[in-house]
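# Architecture and fold: a report
Here is how the chains run, residue by residue.
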Amino acid sequence: MFRKQECVAMLLAGGQGSRLYALTRHIAKPAVPYGGKYRIIDFPLSNCVNSGIETVGVLTQYQPLELSDYIGSGQPWDLDRMDAGVHILPPYQRNKGADWYKGTANAIYQNLHFIERYNPEYVLILSGDHIYKMNYDEMLAAHKENNADCTIAVLDVPKEEASRFGILNTNGDGSVYEFEEKPKEPKSTLASMGIYIFTWEKLRQYLIADEADPTSANDFGKNVLPAMLAAGERMFAYRFDGYWKDVGTIDSLWEANLDLLNPKVPLDLSDPSWKIYSRNPGMPPQYLSATAQVQNSMLTEGCSISGKVEYSVIFAGVTVEEGAEIVDSILMPGVTVRKGAKVYYSILAEDVDVGEGAQIGEKPEEIANLSKWGIAVVASGVKVGKGAKVPAKAMQETDVEEVIANA
Amino acid sequence: MRNYTAMGLIFANMHDDAVPECTAIRSMGSLPFGGRYRLVDFVLSNMVNAGISKVGVITKSNYQSMMDHLGSGKAWDLSRKNEGLFFLPPRTSDDAAYQGRIRSLADVMAFLRRSKEELVILSDCHMVTSMDYGALVQRHIETDADVTVAYRRGTVPTLTDIPILRTDAKDRVTDMLIGRVNDAEECYGIGVYVMRKDWLIQTVNEAVARNLYHFERDILQSHLQEIAVYGYEVESLVMPIYSLSSYYAANVALLDDAVRAQLFPSRRPVYTKVRDCAPVQYGLHAQVTDSLVADGAKIDGTVKNSIIFRGVNIGRDTLIENCVIMQDVTVADRCSLTCVVADKNAVFREGRTLQGFDTYPVYIAKNAIV
């Protein structure tokens, strides 16, 4: 017997994150490292626990190995519970055949029985692509107060950016009368954050109907929400005004990391009342040698720094040797930057090895043609040889050979 | 495959009197060390890394911090269905009843009897080392000893009751001097012993019957002819903690690359309780050199040659030099601290200046406000 849960969270973590290119070659987007010691999925998982949600289904599909390993029993998030807790839900075979998750709504539909065993009143749908701290319990309270069937978390975005989002047009009481996916002429600036609370009875009914419709793309934004709206169900917008960032692109991932160094950005990872939990690497404290110069940066345990680090986020177990310079960059776990190497405006994935005197990326002020400038990315495990150069905006997925300087 | 089964017994309160400043509120084993550890972490990790999956932690007093630290033993992978971590507090709260190691062992007799392991490793917490217990046990088996005593050659730490060993060519202990301290290089025991569990049970029972309570004096020293006591020289780094200044020196020694490499070998990780703090934040004015900094710290001042624990806050225009700053200490702006050992949660208000000397560091108590 499973104990009844008031609200069950379903976390859509199957996305490939194709616009992160080399960074998601072997891992699903929610497993992408972020903020020195976290992965993107730590944010929704920690938000759930901190909001009092005890049951989380994680729907995986693309490259699930590392993500599943990372979540494990759920212990780091206190989600290793007797019958609640975190559950990994991959697509599976049934007696009538097997399907991949066709769309977001279909992924939930295929796991109806998982939700049903908890007999919940509400279901919270989350995605594993965003960095934010949010109390879902407050959103649930609003959902109940409005006696809503569906509540969608929204963010007020600048007018010029509104056409990139799903936009909700609302009445004075916050009820939604129209949902427009990426409108050319947005009527409002309330963008959907991809966080939905549904009254389970209603959602169940619409998921079954949606599945029966062969023309449907089985997607929440495209099919289920418009169908509910058309049928006159009570749909409300829930305004969120904290920090929220979609880290779906190289630039936004880089920005979201550097946002942590900006005291004006309202994302405090050290707030004891809303901790973000993660699986800890368990390494010795970081060591800064006599030649280290570290300013305005975030560094994690296990690092050994003898060079210069500025405006950068450095993950666990990174080595920066003497004379090396790291500026405006993100170095994921286990990266080594050897003597005299320079890393500017770059993201180096796990275990990248930058040889002596090599240079990755460029400073925008040092490049003549700014259209050729951008964040350089080096994929995990790549070795960049001594003296080699990886230009700005590069997407380096293979080893770079050593450059022997002419005498 | 290992050819033996062994369990561990850790004495958390042994040598509490060595660093009275810090152990007024905690046991020796829960003394914070090296930015994010407590002394017991090194012993526990040594055991776990040698494949030992059953460890009893014997406490006598002041063990709240130890219980809190160990929890279920999860952090050491000792939260297990079979075996795992056993917390063994005293049977009586009467402090006068406590008569040393034998008494403690007599108290945990039921635990020992229930265990199916053949060998027991006893360990105190006052010697910081990352040693291979597997090799120690192997030696014990090879020499067919009754007891194997791990020792280190060097200047003897000024610790009451420290055993000094004289051994023959085969490393059998021929003489044992207890508490004789001089400046000469000697072989001193590091408080780590290996023996057969059955032998230990029998010996402790007999000792209790004869009202003997000092393991080293009454069991080992006085019976060196009858029982085969062998030494095992530990060649890796051992840092004895026997006073506030040696505690301070052992912490600061971690700033040496070679010391860190020996204490934190990559194949034998040192495990500790997870605290879930954010990475270290270095501000615009931070200047940190030659220091060890643990996660959760926020630094906007100058730090030189120091050990900074988890969650420490260091303000702007503040200078921290040659210090050991424990967990959650706050040092406000414009302070200057030199050779200070600041215990947990201490607060240094704006503009405070404190100076000790490296052989005589200033100690600021837990929760103190300067």
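Residues numbered from 1 in each chain as written. Chains lettered and ligands numbered in written order. Predicted model: local features only at pLDDT ≥ 70, side-chain atom pairs only at ≥ 80, totals over all residues. Heavy atoms only, no water.

## Notes on unusual backbone geometry
We count it as follows: Helix and strand assignments come from DSSP, with helices taken as H or I runs of at least 4 residues and strands as E runs of at least 2, each series counted from the N terminus. Three labels apply to residues, based on accessible area from a 1.4 Å probe with only protein chains included: buried if under 20% of the type maximum, exposed if over 50%, partly exposed otherwise in between.
For D328(A), which is not glycine, the phi torsion reads 50° and is therefore positive. Inspection of the secondary structure assignment puts D328(A) in the loop between β23 (325-327) and β24 (330-331). Its relative accessible area of 13% is what places D328(A) among the buried residues. A positive phi angle is found at D77(B), which is not glycine, with a value near 60°. Here D77(B) shows up in the loop between α3 (64-70) and β5 (84-88).

## Quick notes on the packing of helix α6 (residues 200-212) of chain A against helix α7 (residues 220-230) of chain A
Residues and elements named next belong to chain A. Spelled out, the test is: Orientation is described by lines fitted to C-alpha atoms, with helices fitted over the stretch in contact, and by angles between N-to-C directions that extend from 0 to 180 degrees. Angles below 35 degrees are treated as roughly parallel, those above 145 as roughly antiparallel, those between 65 and 115 as roughly perpendicular, and all remaining angles as oblique. Note on convention: near helix rotated counterclockwise from far helix by under a right angle means a left-handed crossing. Clockwise means right-handed. Contacts between residues were defined by any pair of non-hydrogen atoms, one from each residue, lying within 4.5 Å. Classification convention: Asp, Glu, Lys, Arg as charged; Ala, Val, Leu, Ile, Met, Phe, Trp, Tyr, Cys, Pro as nonpolar; all other residues, Gly among them, as polar.
Contact geometry of α6 with α7 gives a least axis separation of 10 Å together with a crossing angle of 120°. The angle between α6 and α7 falls in the class oblique. The handedness of the crossing between α6 and α7 is right-handed. Judged by residue contacts, K202, L203, Y206, L207 and D210 of α6 engage F220, N223, V224, A227 and M228 from α7. Looking at the contact of α6 with α7, its residues break down into 7 nonpolar, 1 polar and 2 charged.

## Examining the side chain of H69(B)
Tracing the backbone through its elements, the reader meets H69(B) in helix α3. For H69(B), the residues in contact, after removing those within four places along its chain, are R38(B), V40(B), D41(B), W76(B), T272(B) and K273(B).

## Concerning α6(A)
Residue and element names in this part refer to chain A. As a reminder, the rule being used: Any helix carries an expected span of 1.5 Å times its number of residues minus one. Think of it as the arc spanned by the lines of direction from the helix axis to the C-beta atoms.
Between its terminal C-alpha atoms α6 stretches 18 Å, which fits the 18 Å expected from 13 residues at 1.5 Å a residue. Within the span of α6, buried status applies to W200, L203, Y206, L207 and D210. Each buried residue of α6 sits inside an arc of 130° when the element is viewed along its axis, so together they form one side. Away from its buried face by more than 90 degrees, α6 exposes E201 and A212. Where the residues of α6 are buried, they touch α3 (104-109), α4 (112-116), β8 (122-127), β13 (190-199) and α7.

## Here we look at the domain arrangement of chain B
All names here are of chain B. What counts here: A domain assignment, automatic or from a database, supplies the domain bounds used here. Buried area is understood as the total, over both parts, of accessible area removed when two parts are fitted together, assessed with a 1.4 Å probe. A pairing counts as a salt bridge when a side-chain nitrogen of Lys or Arg comes within 4 Å of a carboxyl oxygen of Asp or Glu.
Structurally, chain B comprises domain 1 (6-263) and domain 2 (281-364). Between the C-alpha centres of domain 1 and domain 2 the distance comes to 32 Å. Contact with domain 1, which involves 20 residues of that partner, is made by 21 residues of domain 2. Across the interface of domain 1 and domain 2, roughly 1,700 Å² is buried in total on both sides, 68% from carbon and sulfur atoms. Counting the surface domain 1 buries against domain 2, the share from its top three residues, G35, Y248 and L255, is 39%. Across the contact surface, domain 1 and domain 2 share 1 salt bridge. Notably, a salt bridge pairs R26 with D343, separated by 2.8 Å at the nearest N-O pair. Among the elements of the structure, α1 (20-23), β2 (32-33), β3 (37-38) and α9 (244-253) are those that each provide at least two residues to the side of domain 1 that touches domain 2.

## Brief notes about the pairing of strand β9 (residues 163-167) of chain B
All names here are of chain B. Spelled out, the test is: Any two strands with at least two DSSP bridges between them are considered paired.
Relative to strand β10 (residues 173-178), β9 is paired through 5 bridges, and the arrangement is antiparallel. When the sheet's bridge partners are listed, T167 is paired in β10 with V173. Hairpin remark: β9 followed by β10, antiparallel, with 5 residues in the connecting loop; positive phi at D171, about 70°. Here β9 runs beside strand β11 (residues 185-196); their pairing, made up of 2 bridges, is antiparallel. When the bridges of β11 are listed, I164 appears paired with Y188.

## Quick notes on the packing of aromatic side chains
Geometry of an aromatic ring pair is reported as the spacing of the ring centres plus the angle between the planes. As a reminder of what qualifies: Pairing of aromatic side chains here covers Phe, Tyr and the six-membered ring of Trp, requires ring centres within 6.5 Å, and sorts the geometry by plane angle: under 30 degrees stacked, over 60 edge-to-face, intermediate tilted. Counted as over-ring charges are cases with an Arg CZ or a Lys NZ within 6 Å of the ring centre that also lie within 35 degrees of the ring normal.
With the rule as written, the count across this model stands at 21 aromatic pairs over all chains. Geometrically, the ring pair formed by F42(B) and F264(B) is tilted, given 6.3 Å between the ring centres and 45° between the ring planes. Residue F42(B) is located in helix α2 (residues 39-49), and its partner F264(B) is located in the loop between α10 (257-263) and β14 (280-282); the two are separated by 222 residues in the primary sequence. F264(B) matches F42(B) in its accessibility class, with the two residues each being buried. With a centroid separation of 5.3 Å and an interplanar angle of 75°, the aromatic rings of Y193(B) and F215(B) are classed as edge-to-face. Pair noted here: Y193(B) is in strand β11 and F215(B) is in helix α8 (residues 215-220), with a separation of 22 residues, a long-range link. On the accessibility criterion, Y193(B) (1% relative accessible area) is buried. One aromatic cluster is present, built from ring pairs that chain together F33(B), Y37(B), F42(B), Y247(B) and F264(B). Over the aromatic face of Y344(A) sits the side chain of K363(A), whose NZ or CZ is 4.8 Å from the ring centroid. Here the basic side chain of R101(B) rests over the ring of F11(B), its NZ or CZ set 4.7 Å away from the ring centre.

## Focus on the side chain of R268(B)
Along the chain, R268(B) turns up in the loop between α10 and β14. Here R268(B) is in contact with N49(B), S130(B), M131(B) and D132(B), once residues within four sequence places are set aside.

## Observations concerning the pattern of salt bridges
Residues and elements named next belong to chain A. Scanning the entire structure with this criterion turns up 38 salt bridges over all chains. Here R3 and E54 are joined by a salt bridge, their closest N and O atoms 3.3 Å apart. Of this pair, R3 sits in the segment before β1 (7-12) while E54 is found in the loop between α1 (42-50) and β4 (55-59), placing the two residues 51 residues apart along the sequence. Between E54 and R81 there is a salt bridge, with its nearest N and O atoms 3.7 Å apart. Of this pair, E54 sits in the loop between α1 and β4 while R81 sits in the loop between α2 (64-71) and β5 (85-89), and the two are 27 residues apart along the sequence. Classification of R81 by relative accessible area gives partly exposed; the value is 36%.

## Quick look at the interface of chain A and chain B
Each partner contributes residues to the interface: chain A has 32 residues there, and chain B has 32 residues. Between chain A and chain B, a total of about 2,500 Å² is buried, with carbon and sulfur atoms accounting for 49% of that surface. For chain A, the biggest contributors to the area lost against chain B are P285(A), Y287(A) and L288(A); these three give 24% of the whole. Across the chain A-chain B interface, the total number found is 2 salt bridges.

## Notes on the state of the cysteines
Cut-off, in case you're wondering: Sulfur atoms of two cysteines make up a disulfide when they are within 2.5 Å.
Under the counting rule described, the total for this entry stands at 0 disulfides over all chains. The closest cysteine sulfur to the non-disulfide-bonded C277(B) is located on C303(A), 14 Å from its own sulfur.

## Digging into the sheet that holds strand β16 (residues 291-293) of chain B
The strand order across the open sheet formed by 11 strands is β31(A)-β28(A)-β25(A)-β22(A)-β19(A)-β16(A)-β16(B)-β19(B)-β22(B)-β25(B)-β28(B), and the pairing between neighbours is mixed. Edge positions in the open sheet fall to β31 (383-384) of chain A together with β28 (362-364) of chain B, since each of these has one partner strand only. As paired strands, β16(B) and strand β19 (residues 307-308) of chain B are joined by 2 bridges and run parallel to one another. If you follow V293(B) over to β19(B), its bridge partner there is I308(B).

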